[in-house]
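Chain and residue survey
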Amino acid sequence: QIKVLRRGNFSDDEINFLSLYLPYATLPHFSIKNNKIYTISHFAQTLDGKIAASIGEPSWIGNHENLLHAHRMRALCDAIMVGHKTNIKDNPQLTVREVKGENPLRVIIGKPPTNTSLDCTEKTFIDVNLPPPSCDGKTSSNFDGIETIFTLLEEKEIRSVYLEGGSFTTSSFLKMKKVDQVQVHFSPKILGSGLTGFAFTETSSMKDAMTFKSHRFSPMGDEMMFVGEL
């Protein structure tokens, strides 16, 4: 792919940009070919694995380049999804305001909040019960909540989803093997305490760790993002 781009006389920066984002432009084709919704999870974390402080105002952990990346990915995906706790705590806009493109379908897992100060405009709420991240995935009933979500999204002709948390929602999707790619941005900061990006139960052996079919690291300005295929 890079060799083909070089023959087009692109600069190194343009080649890196196209190499990163061109594959996501093919998500509709991938989804139709494999008869599935392609799901990508993303969050930024500190070096000690924290995605937010335990208390205080919500703040973006990653750098500006990662913010632009997240908004580009929103524009490239049909839907963006977060859990209801993240929606209540952060009240995110879930738009592509930092880049050019159309806003994705904004999906919140959980009931619409009763707090009228929250921005619920143009957000779609799916009130289902997610399986806890501690489940082993062997019981079909554990899939009910997530399967309901995907059925509803298919009805809306959604082909790709960008999953931006929170910890419980992302971990539930991962445990149920409903995430195709994981993006983790690493910021050179140490909080020492706070909320972690993954909420799995304690494991007794490294053989129980989640592994990836392939992975790579992509520079994000002066920071770094891990991209792993499941």
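The following paragraphs examine the structure supplied in this document.

This part is about the pairing of strand β10 (residues 223-229). With respect to burial, β10 is a largely interior element, six of its seven residues being buried. Summarising the sheet, strand β7 (residues 181-187) and β10 pair through six bridges and their orientation is antiparallel. Pairing of V182 across the sheet is with G228, part of β10. As judged from the seven bridges shared by strand β9 (residues 214-220) and β10, these two strands associate in the antiparallel manner. Bridged to M220 within β10 is E223. Between β9 and the antiparallel strand that follows it, β10, lie two residues; G221 among them carries a positive phi value of about 65°.

Another point: the nonpolar core. Counting 23 residues, the largest nonpolar core has M81, V107, I109, I149, L153, V161 and F173 as its most contacted members. For this core, the leading source of residues is helix α6 (residues 144-155), giving four residues. Ignoring anything within four residues of it in the chain, the contact list for M81 reads V107, I109, I149, L153, V161, Y162, L163, E164, G165 and F173. Of all hydrophobic cores here, the second largest spans twelve residues; its members include Y21, L27, Y162 and M225.

A few words now on the packing of helix α2 (residues 12-25) against helix α4 (residues 64-76). Between α2 and α4, the shortest axis-to-axis distance is 10 Å and the interhelical angle comes to 30°. Our classification of the angle between α2 and α4 gives roughly parallel. As for how α2 packs across α4, the hand of that crossing is right-handed. Where α2 abuts α4, its residues F17, L20, Y21 and Y24 lie against H69, R72, M73 and L76. Residue composition of the contact of α2 with α4, by class: six nonpolar, one polar and one charged.

Rules of the game
- As a convention, each chain's residues are numbered from 1 in the sequence order in which they are written.
- It should be noted that, the model being predicted, local features are given only for residues of pLDDT at least 70 and side-chain atom pairs only at 80 or more, the latter also being counted only at that level, while totals for whole chains, interfaces and linings use all residues.
- Side-chain descriptors were evaluated using all non-hydrogen atoms of the structure, hydrogens and water having been removed beforehand.
- Throughout, exposure labels follow a simple rule: accessible area from a 1.4 Å probe, protein chains only, divided by the maximum for the residue type, with under 20% read as buried, over 50% as exposed, and the rest as partly exposed.
- Here a helix means four or more residues in a row that DSSP labels H or I, a strand means two or more in a row labelled E, and each is numbered from the N terminus.
- When DSSP finds two or more bridges between a pair of strands, those strands are recorded as paired.
- As used in this record, nonpolar core signifies buried Ala, Val, Leu, Ile, Met, Phe, Trp, Tyr and Cys residues forming a set joined through side-chain atoms within 4.5 Å.
- Whether two residues are in contact is decided by their heavy atoms: any pair within 4.5 Å suffices.
- To obtain an axis, a line is fitted to C-alpha atoms, over the contacting stretch when the element is a helix, and the angle between two such axes runs from 0 to 180 degrees between their N-to-C directions.
- Angle categories: roughly parallel below 35 degrees, roughly antiparallel above 145, roughly perpendicular from 65 to 115, and oblique for all the rest.
- Helix crossings are classified by the rotation of the near helix relative to the far one: an anticlockwise turn of less than a right angle makes the crossing left-handed, while a clockwise turn makes it right-handed.
- Basically, the charged four are Asp, Glu, Lys and Arg, the nonpolar ten are Ala, Val, Leu, Ile, Met, Phe, Trp, Tyr, Cys and Pro, and anything else, Gly included, counts as polar.

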